[in-house]
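Topology and contacts: notes
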Amino acid sequence: MDPSSEPIMHVYSKDEYLLISHKGVLSVCGNKSDLTSLERWEEEYNSYCKLIQIPFFANFKLLKPFYIWRHKVTKKKIHLAQEHLRNNLFFTDPSLGPALLDIKKLCIEIDTTGLFRLDKKRTYTLKEFQDFHFEQLQEVHNDLDNFHGLVKELAISACRNAFLQLKPCEEENYERRRDSLTKRLQGSKLKKTPDSSQMQNWDIQANGATGPAANEDKNNTAVEAVQGQPIFITELKLSEDMLHYAPSEEKFQRAIEELTEQFKETVLSVHALMSDQDLDEFINLTEENKDEKGQPCLEALLYSDSHLQQAMSEIKTAIHFAFDTASVYAHTFEHFRTFYKENKNLDVQALQQKEHGFLFFEKALALYHNQHNEALTIPQKRSLGLLLVEQTELKQKLVQSPLNCLEVINGLLTRLAKHKVDAVLKETNDAEINLRVSPSTTAELANYLIFLEQIQERIHRLTEEEEAISQLFNLIGNYSVPTPPEDASLFASLKPAISLLEVNILDASLAVKDITKKFNSSLKKDMNDLKQKIMELDHKSQDKQILDINADPAKVRLLLGEIQISVDELCAQAATYMSYQKRFNVEVKFESLKMLTTKVQLKQLLWDSLEEWDTLQEKWRKSLLSKLDLEMLAAQVTKYSKYANQMEKGLPCNNLVPSFKKKVELMKCRLPVITDLRNPCIKPEHWETLGYMVGQNLEVEKLTIAELEELDLFSYGPEIQEISGQASGEASVETLIKKVEDIWKTTEFTVLSHGDSKEVFILGGTDEIQMALDDSIINVGTVASSRYVTRIKSRVDELLRQLHLFNQTLDEWLTCQRNWLYLESIFFDPDIKRQLPAESKMFLKVDKSWKMIMSRVKIMRNALREQRLSLVNLLETFKSNNALLDEIHKCLEAYLDSKRVIFPRFYFLSNDELLKILAQTRNPQAVQPHLRKCFDSITRLEFALLPEKSRDATEGDVDPQQDTIYSKDILKMVSPEGEKVSLTKGLKAQGNVEDWLCKVEEAMFVSLQHLSKAAIADYQVKSREEWVVAGHPSQVVLTISQMMWCRDMDACLEGDHDHCVALQQFEQTNVNVSQRSHIRTCARDQIYILSFE
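This text gives an overview of the structure that appears in the document. Note that this is a predicted model, so its numbers are computed, not measured. (Residues numbered from 1 in each chain as written. Predicted model: local features only at pLDDT ≥ 70, side-chain atom pairs only at ≥ 80, totals over all residues. Heavy atoms only, no water.)

**Side note on the sheet that holds strand E2 (residues 16-20)**
With respect to topology, four strands assemble into an open sheet ordered E1-E2-E3-E4, the strand pairing being antiparallel. Looking along the sheet, the strands with just one partner apiece sit at the ends: strand E1 (8-11) and strand E4 (32-36). Across the sheet, the mean angle separating the axes of adjacent strands is 15 degrees when strand polarity is ignored. Summarising the sheet, strand E3 (residues 25-29) and E4 pair through five bridges and their orientation is antiparallel. Of the residues in E4, the one forming a bridge with Leu26 is Leu35. (Pairing = 2+ DSSP bridges. Helix = DSSP H or I, 4+ residues; strand = E, 2+ residues; numbered from the N terminus. Axes fitted to C-alpha atoms, helices over the stretch in contact; angles between N-to-C directions.)

Have a look at this one:
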């Protein structure tokens, strides 16, 4: 401040002002003054300004009176509330207060009584747990009843004392105070009692106040209960299919739920005093108060108590977790269950029926002993946290299961070992006996030599079997299999017996040469005796009466029987000698015995055939012709004819064989006649012909072979054969015609609905009908040319005529359907009807006729039977319709050609594609799919979008694929690569499609011409790199590039300058590699930008 300046004074009030000079600042407040240096005052003023900016100090003058006012109001409200509580709170009453303290004391005492009690040193079964807590709940229920009675007495006594303390003398004052006390009781009990939601909030706040420490203590207690001694006992049960616990988790959960419900019922058994009738005189509830809601409901509190619900949920979770652990533990017994099931299903009978070796018993004994040892290691009880798993019964089953199997295996093993020992000992003893025999006859000598050869081979196998038996007895000893002592003694004698046998075999082998010589001499003697017997028997078989036709058959059969017995004996003896030939290398021949055997068999066959033939012939003669079995007759005749030929060749000349052969040949000649007469195709008229031929009426049902012989009918064999053949031919012809007729009785047209219409029909597939028709025409034509068709010729001609007619009709029918289907979709469109009115009328006529015919065919579908009467009319109708459809086709072709003449590019499209376009002339978008065929490298035209305000205008068209509404203004043409080229303005797709497409074609030429001129002009002012990526159409860039190249090349080659130098410069300018690389880089950049645009 300038010392020469005058002091500045700031007056705040009458007694408070501030004087500022260059010496300092004088502050006057009443009688007090204070002088501060100017620097000090400026510092304090700056601090003051900063403090004033703080909201608290800035608003201090306003907040201070507000705080004083709020303090006074709050203090006054507290005072009023205290007065109100003193006047209205019932527990401040001297009569009710002590009673409330007593009730509080009873509540504390009853609070120590728990519903749930658990002995931590005891483990319960589920039944014990339920019974124990049922008794506990009974005690708690009694305690609650006593508690309710005491509280009721205290409440009644306190209320009565409170009313008795009122002075009866002052009636008005008494009535007033009693009403006041009653209102206090009513207000306190009915109106001021908190509801369940408030109590729930208090509980949450109390729990929050206790903090996580209390919850942690609870959790620790629960953890200790789980980690300590188990509470429940459950038993692990074993069955073939599964391992399960009894009681199961479901039963435990259900028991806990039932116990919880019993806890709730016990708590809810204490009724509220407000509902007690003994307190009505003190409460005097009005109807309004009785209906008042919001009172605390103990049942609602129980069901809404989150801690109770959480505790119940934790109990269920603990049980579930315990049983999950138990399930994991039970899974460790899965291999026990597997072998228990396999052992249980062991088929003992199948094992006993099969033969088993050493490896089987070794594996089985090791397996079952291992199973038994594993089962013994199972503990009887296992603690799993909350559960104590009882496994006694499980262990007993698993221990006993392999023992049962071992009992079976041990029995099989001991029996097998004994059986093998017995078999080897028996074979050894038998061999000893056979080796000690002294043979004398040829048979005994041969058997001795054969046995000696066999036992020499067998002794090695006996040694191997002895080793196998030793292995079995080693198993018996290793696994302590119980074995009778006699079996062990037999096994001990086995090896010495085999050793003794080997010594005897060696001794017998030394005497083989002597025995062989003795055998050869004995065999030679026996063969000579056999040949002598053969000669004697051959002489006996040449008895003349055997082949004499006049001999007594009984005597001959007796003689042949004796001879046959002797022959059989000699053959058996010769067969025995023949068996020695290969074994002992001796020559044995009995050719005379073979010849004798053949002759005797033929003679026996001759007499047997004679007897059998006479019997059969007599049977055939008496049999009716209609019941004669021709197959058996022919087989018998063939068999005996073969026998006759064999006997004629093998027997000497005699008079018996020719007689037998004559009888057989006679029946063989009659067999064809009998076969012809039994022809099932012969009809009564044919039998009349036969009767007329023999001169007698023939009763077919009564004819026998004997009657045929009497009528001499077998002499008419050729005539009978002719008649039988005629009958067979006629029958085959009739059968074929009947088959054709039956086919067409069931053959029906397949009629299908056309499109979505249910009233317009077309024929389905007719391949099967056409195939059946062709086959029928061929078959009937073949029958018509047969010589057996005379009887049914008219019927065959009529059927053939109908089939030919139906064939022609079906051809016309299918042609009509094919043309109708093609034209129906065309003339269905109104645009085509409008453009071809005459053809539309012709098609409408054909369409009406077609629908009428197909409606009738829908009802009567049979291909030939129902259409038989109208085939001629149908054929004419279809011919007429086809003629009209052909004319329509020609007109349609002419119409399409007229369109192609106007727009020649339509020649690139097929008729169907062009018709699709012409059928949608009002929709320019219909041309889009076909543009690629009309114009090379143009895939579509881009139309302008119709503005929102004009969407309802009639000139807009909807794209059926994108539902976008386009106008008829054509803007651009688009290539398959997506390049767009704008067309001239004012181009619209309206009018005939061929007209506006011609305009589009002209617009293409004009647009490309303008673009080419612009590109040429741009080429003159820009570098080639900039010009290529300047946005000109690609085809224009290629075309102009080629044009410029030709221009520059002409300039290089023409003129008076040096052509070589000009060409080199041209090459450097246009064919430079770096320049091309730069152009490609620019092109890639442009493509990258366009892809994001």
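**Looking at the environment of Thr266**
Inspection of the secondary structure puts Thr266 in helix H9 (residues 249-268). Exposure remark for Thr266: the relative accessible area of 7% places this residue in the buried category. Considering only alpha carbons, one finds Thr266 and Gln138, 128 residues apart in sequence, at a separation of 8.5 Å. Of note is the side chain of Thr266, whose polar atom sits 2.8 Å from the backbone oxygen of Gln262. (Buried < 20%, exposed > 50% of the residue type's maximum accessible area, 1.4 Å probe, protein only. Polar contact = N/O pair within 3.5 Å; in protein donor to acceptor, adjacent residues only side chain to side chain.)

**Focus on unusual backbone geometry**
With an omega of 0 degrees, the peptide bond running from Ala246 to Pro247 counts as cis. Looking at the element boundaries, Pro247 is found in the loop between strand E7 (243-246) and H9. Positive phi values are uncommon outside glycine, yet Ser480 reaches one of about 55 degrees. Relative to the helices and strands, Ser480 resides in the loop between helix H18 (442-478) and helix H19 (485-510).

**Some details on helix H14 (residues 334-344)**
Residues Phe336, Arg337, Phe339, Tyr340 and Asn343 constitute the buried set of H14. In this structure, the buried side of H14 is in contact with strand E6 (232-238), E7, helix H16 (358-376) and helix H17 (392-436). (Contact = heavy atoms within 4.5 Å.)

**Details of the pairing of strand E14 (residues 965-974)**
Here strand E12 (residues 940-945) runs beside E14; their pairing, made up of five bridges, is antiparallel. Within E14, the position partnered with Leu945 by the bridge is Tyr966. Two strands pair when backbone bridges link them, and E14 and strand E15 (residues 980-982) are joined in this way by three bridges, in the antiparallel orientation. Among the inter-strand pairings, Val974 is bridged to a residue of E15, identified as Lys980. Linking E14 back to E15 in an antiparallel pair, the connection comprises five residues, with Gly978 at a positive phi of about 95 degrees.

**Looking at the pattern of salt bridges**
Across all of its chains, the model carries 26 salt bridges by this definition. Linked through salt bridges whose partners overlap, the residues forming this network are Glu235, Lys237, Glu393 and Lys397. (Salt bridge = Lys/Arg side-chain N within 4 Å of Asp/Glu carboxyl O.)

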